[in-house]
Amino acid sequence: MSAAPNPVKRLSLKNPWHFLALGFGSGLAPKAPGTFGSLAAIPVFLLLSPLPWLAYLALTLVAIYGGVYICARASRDMGVHDHSAIVWDEVAGMLITLFMAPVTWQWLLTGFLLFRFFDVLKPWPISWCDRHIHGGFGIMIDDVLAGFLAFACLQGLLVWLG
């Protein structure tokens, strides 16, 4: 009996949709690809952070809406719904989390930990969406919601700490 073929082998980093879906290759990490995808978002955040908040927000919305197609395409090409190597949703979730965050290692680490907490724990309504919504939108929505919850906590911390 032969092992089932690895669906990731159906993707190519030379394909721009696959490259983005795999979080610039970070989703190929053998362990914890979602964590590595979240880390891959930090350089993207650092590139976007000097922009005016409206431009950052617009590009984050492009990442979210484009992510629906990107994730659907990679999922279809792999023949697997929401394979763990597809991490563009983590990139978008981190961009939401870090919106208007101070650019210091402490706030980046706090945002990263908050996002990973909500992405892994999946409290309601994230867990409901993860189970009931499919396709590219389904792949994206749970991380978008985790990003919003992490964003709210991060902004609350910023206010609380002054």
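Above this text is the structure in question.
Notes on the structure in this doc start here. (Residues numbered from 1 in each chain as written. Predicted model: local features only at pLDDT ≥ 70, side-chain atom pairs only at ≥ 80, totals over all residues. Heavy atoms only, no water.)

**So, the overall build of the protein**
Here comes step 1: Helices and strands together make up the secondary structure of the protein, namely seven helices and zero strands.
Here comes step 2: Start at the N end of the protein and walk to the C end: the helices and strands fall as α-α-α-α-α-α-α.
Here comes step 3: A compact globule built from 162 residues would reach a C-alpha radius of gyration of about 15 Å, and the protein, at 16 Å, matches this within 12%.
Here comes step 4: Buried residues in the protein amount to 47% of all 162 residues.
Here comes step 5: Look at the contacts in the protein between residues 6 or more apart in sequence, and 71% of them connect residues 24 or more apart.
Here comes step 6: Taking the average location of the 9 positive side-chain charges in the protein and that of its 8 negative ones, the two points are 9 Å from each other. (Helix = DSSP H or I, 4+ residues; strand = E, 2+ residues; numbered from the N terminus. Rg over C-alpha atoms; globule rule 2.2 N^0.38 Å. Buried < 20%, exposed > 50% of the residue type's maximum accessible area, 1.4 Å probe, protein only. Contact = heavy atoms within 4.5 Å. Lys, Arg positive; Asp, Glu negative; His and termini not counted. Charge placed at Lys NZ, Arg CZ, Asp CG, Glu CD.)

**Here we look at the packing of helix 3 (residues 53–78) against helix 4 (residues 88–97)**
Here comes step 1: Contact pair helix 3 / helix 4: the axes reach a minimum separation of 9 Å and the direction vectors enclose 160°. Between helix 3 and helix 4, the crossing angle belongs to the class labelled roughly antiparallel. Viewed along their axes, helix 3 and helix 4 form a crossing whose handedness is left-handed. Contacts between helix 3 and helix 4 involve Tyr56, Thr60, Ala63, Ile64, Gly67, Ile70 and Cys71 on the former and, on the latter, Trp88, Asp89, Ala92, Leu95 and Ile96.
Here comes step 2: Of the residues belonging to the contact of helix 3 with helix 4, the class tally is nine nonpolar, two polar and one charged. (Axes fitted to C-alpha atoms, helices over the stretch in contact; angles between N-to-C directions. Parallel < 35°, antiparallel > 145°, perpendicular 65-115°, else oblique. Left-handed = near helix turned anticlockwise from the far one by under 90°. Nonpolar A, V, L, I, M, F, W, Y, C, P; charged D, E, K, R; others polar.)

**A look at the nonpolar core**
Here comes step 1: With 41 residues, the main nonpolar core has Tyr56, Ile86, Trp88, Met94, Leu95 and Leu98 as its most contacted residues.
Here comes step 2: For this core, the secondary structure elements donating two or more residues are helix 2 (33–48), helix 3, helix 4, helix 5 (105–121) and helix 7 (135–161). (Core = buried A, V, L, I, M, F, W, Y, C linked by side-chain atoms within 4.5 Å.)

**Description of the environment of threonine 110**
Here comes step 1: If you trace the backbone, threonine 110 turns up in helix 5.
Here comes step 2: When the C-alpha positions of threonine 110 and alanine 150 are compared, they lie 9.3 Å apart, and in sequence the two are 40 residues distant.
Here comes step 3: The contact partners of threonine 110, leaving out residues within four places of it in the chain, are Leu154 and Leu157.

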